[in-house]
Amino acid sequence: MSNPVVRLAGLTRSFEQGGVRIDVLRGVDLTIHPGEIVALLGPSGSGKSTMLQAVGLLEGGFGGGIAIDGIDASELASDGRTELRRSKLGFIYQFHHLLPDFSAQENVVLPQLVADIARREADDRAVSLLTALGLDHRLTHRPSQLSGGEQQRVAVARALANRPRLVLADEPTGNLDEVTADKVFDEFVSLVRGQGSAALVATHNERLAARMDRVVRLHEGRLI
Ligand code: ADP
Ligand code: MG
């Protein structure tokens, strides 16, 4: 059997602010299997972003175990974590974080070039993803020339470009109106399923959560 894409064991994270310590994650256990799409629910401030940052190996300061695709991330130095992140993970944020001086297509091509994929293949992949997201007529547009929904679609394509084992999405449609959010979310889920990636999607939207394979909730620093 293949490795779980993520295994969290007793994950903890505390912040100190003005001499006061807040324990945001108090022992999070979670296993995500290949291809599984998991909703991470919790009200604002419950620690969803903190947890995604931990799984995304973006920050240190965590306690407990994080394994990505069977590799223990706590054993790795910073460049090892960067390599693991690049080879296994894709990210989508609430605000698109696209590069403003590059076109939609270039924004999807760049992470592939970083992963040593040849330019022509990267272009083909970008066009194919953007076309699947209905953006074949927007390839040369820059982010500022796109609507909010179109920007998030480009962000989806960028996150999936390298066929990550796991996509981490932090309120990916939280900035969109309800109708657009639903459409972009459905397109996202269908692409993720189509390529067999897993996903962990933070949201406070119960309706979107119900469309995923499984729902976990952050409550007082643990998953219930
Ligand atoms: P969510 O994404 O569920 O809204 P967050 O993970 O952003 O929640 O935040 C959880 C808690 O951790 C909040 O109380 C927040 O103020 C605190 N927090 C997050 N990041 C930091 C930080 N860098 N320094 C201090 N406190 C933080
Ligand atoms: Mg958040």
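Just so it is clear, the structure is predicted and the values come from calculations on it, not from any experiment. (Residues numbered from 1 in each chain as written. Chains lettered and ligands numbered in written order. Predicted model: local features only at pLDDT ≥ 70, side-chain atom pairs only at ≥ 80, totals over all residues. Heavy atoms only, no water.)

Asker: Looking at this structure, I do not really get the sheet that holds strand S8 (residues 198-203). What am I missing?
Answerer: Strand pairing in a sheet relies on backbone hydrogen bonds, with the paired strands running either antiparallel or parallel. Ordered by their spatial adjacency, 6 strands build an open sheet running S6-S7-S8-S3-S9-S10, and the pairing between neighbours is mixed. Strand pairing shows two members of the sheet lacking a second neighbour, strand S6 (89-92) and strand S10 (222-223), which therefore form its edges. Note: strand S7 (residues 166-170) against S8, 5 bridges, orientation parallel. Residue pairing across strands places leucine 166 opposite alanine 198, the latter belonging to S8. Set on the sheet, helix H1 (residues 48-55) makes contact with strand S3 (37-41), S6, S7, S8, strand S9 (214-219) and S10; between it and S7 the angle comes to about 155°. Its contacts with the sheet put helix H6 (residues 178-195) on S3, S6, S7 and S8, and the angle it makes with S8 is roughly 160°. (Pairing = 2+ DSSP bridges. Helix = DSSP H or I, 4+ residues; strand = E, 2+ residues; numbered from the N terminus. Contact = heavy atoms within 4.5 Å. Axes fitted to C-alpha atoms, helices over the stretch in contact; angles between N-to-C directions.)

Asker: Looking at this model, I keep getting lost on the packing of helix H3 (residues 104-114) against helix H4 (residues 119-132). Mind explaining?
Answerer: The description of two helices packed together rests on the angle between their axes and the distance between the axes. Packing of H3 against H4 leaves a shortest axis separation of 9 Å and a crossing angle of 130°. Considered as vectors, H3 and H4 are oriented oblique to each other. Here H3 and H4 pass one another in a crossing that is right-handed. Mapping the contact onto sequence places Ala104, Gln105, Glu106, Val108, Val109, Gln112 and Leu113 in H3 and Arg119, Glu121, Ala122, Asp123, Arg125, Ala126, Val127, Leu129 and Leu130 in H4. (Parallel < 35°, antiparallel > 145°, perpendicular 65-115°, else oblique. Left-handed = near helix turned anticlockwise from the far one by under 90°.)

Asker: I keep staring at the environment of valine 156 and nothing clicks. Help me out?
Answerer: Examined against the element boundaries, valine 156 turns out to sit in helix H5 (residues 148-160). In this structure valine 156 comes out as buried when scored by relative accessible area, which is 4%. Along the chain, valine 156 and serine 190 lie 34 residues apart, while their C-alpha atoms are 11 Å from each other. For valine 156, the contacting residues outside a window of four places in its chain are Ile92, Leu133, Phe188 and Leu191. (Buried < 20%, exposed > 50% of the residue type's maximum accessible area, 1.4 Å probe, protein only.)

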